[in-house]
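What the coordinates show
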Amino acid sequence: MKILAIESSCDETAAAVVEDGRKVISSVVASQVEEHKLYGGVVPEIASRRHAEAIVPVVKNSLEQAELTLKEIDAIAVTYAPGLIGALLVGVNFAKGLSLSTGLPLVPTHHLRSHIASNYISNPNLKPPFLCLVVSGGHSHIVMVEDYTKMRIIGKTRDDAAGEAFDKAARTMGMPYPGGIALDKVAEDGDPFAFKLPRPTVSGSQYDFSFSGLKTAVINLIHNSAQKGIELNKADVCASFRYAVVDCLKTNFLKAAEDLKVDKLVIAGGVSANRLLRSSLQEECDKHGLAFYMPEKSLCGDNAAMVGSQGYYEFLSGNIASTDLNAFATMSI
Ligand code: KG4
Ligand code: ZN
């Protein structure tokens, strides 16, 4: 079964053709990041306009690269939640129009479920159940994936998402948006123990995260040092901050796996590209005899291939939208 998938939840306009949820036939991503960089973050109004301009060429391109016509497609999957509402609406309305004109079934797909599904592409043998750490610019969740379309949130952030904390810390150090990627690179040359940073916990919930205190601590460290005329080693600050964020993520994730007696661990979302998160979780899982899966780096960020993968399982479970499908800025997984 071939699915044409569409993604427009944030600042990437993407389309892909995916076969049977696992095989990517084509995948096109048009990023707006260079434009949003000028403003230090995503400007929703600009994002919507750029999606509207890019959606037709991106979808056309994905079909051309797949060497397929719409007649050879079996269903259309689209991200309908969560995300920037104006951005989501571009993809949803385009997909609805395409579905109406072709008669193809329309499959509404949840963005975080799609991030999880990126692992089905990178790891062809991976099947639920497993425990997944979903870490992106807007979310930090520990999710029990009971089945392809049955999931339970075990823990989540009470304030900033991990990606958001990375981006804000990076911005304070003058790195361009989205700073998480640059911070990760600079951290490679630093000492993770150079600065002592807090490990905020959430009282009453051992699986929930809180990154806002940690973010403020590193921002205060940078500002206070600048005021005193002390020049900090940037690589050391990045390494210490990355180590602290990864430590918080790892601790709760491994504790949840132990308590739930899960032996299959998976990571997903933009932050799952983080080098330290990948290497240190791999190390911990090897040590404890746990299976560990991650998406290839090119599938960690937003793309439509992951939408085509999750869309396939949504379709199999009977999740077909009617013509009044709407987009939603927030929605539980
Ligand atoms: O999943 P994603 O592409 O978009 C959302 O759904 O939010 O995640 C984007 C986030 C950004 O905050 C970005 O800085 C972060 O993922 N990110 C990273 C790395 N690569 C991307 N954070 C830390 N280390 C990385 N290597
Ligand atoms: Zn995302």
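Since we're looking at a predicted model, the values are computed, not measured. (Residues numbered from 1 in each chain as written. Chains lettered and ligands numbered in written order. Predicted model: local features only at pLDDT ≥ 70, side-chain atom pairs only at ≥ 80, totals over all residues.)

Each helix and strand in the protein chain was counted, giving ten helices and ten strands. Relative to the compact-globule value of 20 Å for 333 residues, the protein chain shows a C-alpha radius of gyration of 20 Å, a close match. C-alpha extents for the protein chain along the principal axes are approximately 65 × 45 × 35 Å. Taken over 333 residues, the protein chain has a buried fraction of 49%. For the protein chain, contacts bridging at least 24 residues in sequence account for 74% of all contacts bridging at least 6. (Helix = DSSP H or I, 4+ residues; strand = E, 2+ residues; numbered from the N terminus. Rg over C-alpha atoms; globule rule 2.2 N^0.38 Å. Buried ≥ 20, exposed ≤ 12 C-beta atoms within 10 Å, placed from the backbone. Contact = placed C-beta atoms within 7 Å.)

Here we take up unusual backbone geometry. Peptide bonds are trans in most cases, and residues, glycine excluded, mostly fall at negative phi. The omega torsion of the bond from Pro-128 to Pro-129 falls at 5°, within 30 degrees of zero and hence cis. Relative to the helices and strands, Pro-129 resides in the loop between helix H4 (111-122) and strand E6 (130-135). Residue Tyr-177 is joined to Pro-178 through a cis peptide bond whose omega torsion reads -10°. For Glu-67, which is not glycine, the phi torsion reads 55° and is therefore positive. Position of Glu-67 among the secondary structure elements: in the loop between helix H2 (44-66) and strand E4 (75-81). In this structure, Lys-261 is a non-glycine residue whose phi angle is positive, near 55°. With 6 C-beta atoms packed within 10 Å, Lys-261 lands in the exposed category.

With that settled, consider the UniProt feature "binding site: Fe cation" (unreviewed entry) in the protein chain. Using the residue numbers shown here, the UniProt feature "binding site: Fe cation" (unreviewed entry) corresponds to His-111, His-115 and Asp-302. Over a stretch of 192 residues, the named residues converge on one spot in the fold, their C-alpha atoms separated by at most 8.8 Å. Its location among the elements puts His-115 in helix H4. Among the residues examined, His-115 registers 31 C-beta atoms within 10 Å and is labelled buried. With near-sequence residues (within four places) excluded, His-115 lies in contact with Val-134, Ser-136, Ala-268, Gly-269 and Met-306. Secondary-structure assignment places Asp-302 in the loop between strand E10 (291-293) and helix H10 (305-316). Those residues within four positions of Asp-302 in sequence are excluded, and the remaining contacts are Glu-7, Ser-9, Cys-10, Glu-12 and Ala-14. (UniProt positions renumbered as here; feature names shortened; annotations may be inferred.)

Attention shifts here to the sheet that holds E10. Strand order in the open sheet formed by five strands is E8-E7-E6-E9-E10, and the pairing between neighbours is mixed. The sheet is open, and its two borders are formed by strand E8 (150-156) and E10, each paired with just one other strand. Strand-to-strand twist of the sheet, defined as the mean angle between neighbouring strand axes without regard to direction, takes the value 25°. Each of E6, strand E7 (140-147), E8 and strand E9 (264-268) is contacted by helix H8 (residues 234-260), which is oriented at about 160° to E6, the strand it contacts most. (Pairing = 2+ DSSP bridges. Axes fitted to C-alpha atoms, helices over the stretch in contact; angles between N-to-C directions.)

As a matter of local geometry, ligand 1 sits amid 18 residues, with Ser-136, Gly-137, Gly-163, Gly-180 and Gly-270 nearest to it. For the shell around ligand 1, the residue count by class is six nonpolar, nine polar and three charged. Residues from two domains meet in the shell around ligand 1; each of domain 1 (2-116 + 300-316) and domain 2 (128-297) gives at least three. (Near = placed C-beta within 6 Å. Nonpolar A, V, L, I, M, F, W, Y, C, P; charged D, E, K, R; others polar. Domains from an automatic or database assignment.)

Averaged over all residues, the pLDDT of the protein chain equals 97, while 100% of them reach at least 70. Across the protein chain, strand E1 (residues 2-7) holds the top mean pLDDT of 99, while helix H1 (residues 33-37) sits lowest at 95. Among the scores for the predicted complex, ipTM is 0.99 and pTM is 0.97. (pLDDT = per-residue confidence, 0-100.)

Here Cys-238 is to be found in helix H8. The class of Cys-238 is buried, set by 28 C-beta atoms lying within 10 Å. C-alpha separation for the pair Cys-238 and Ser-48, spaced 190 residues apart in sequence, amounts to 32 Å. Cys-238 has contacts with Leu-183, Val-186, Ala-187 and Gly-190, leaving out every residue within four places of it along the chain.

Summarizing the sequence annotation, UniProt attributes the feature "domain: Gcp-like" (unreviewed entry) to residues 23-307 in the numbering used throughout. In residues 23-307, the share of helix is 48% and the share of strand is 18%. The end C-alpha atoms are 12 Å apart.

With that out of the way, let us pick up the packing of H4 against H10. Two elements in contact, H4 and H10, have axes separated by 7 Å at closest approach and are oriented at 90°. Classified by the interaxial angle, the pair formed by H4 and H10 is roughly perpendicular. Taking contact as the criterion, the partners of Arg-113, Ser-114, His-115, Ala-117, Ser-118, Tyr-120 and Ile-121 in H4 are, on H10, Ala-305, Met-306, Val-307, Ser-309 and Gln-310. Here the residues of the contact of H4 with H10 are counted per class, giving six nonpolar, five polar and one charged. (Parallel < 35°, antiparallel > 145°, perpendicular 65-115°, else oblique.)

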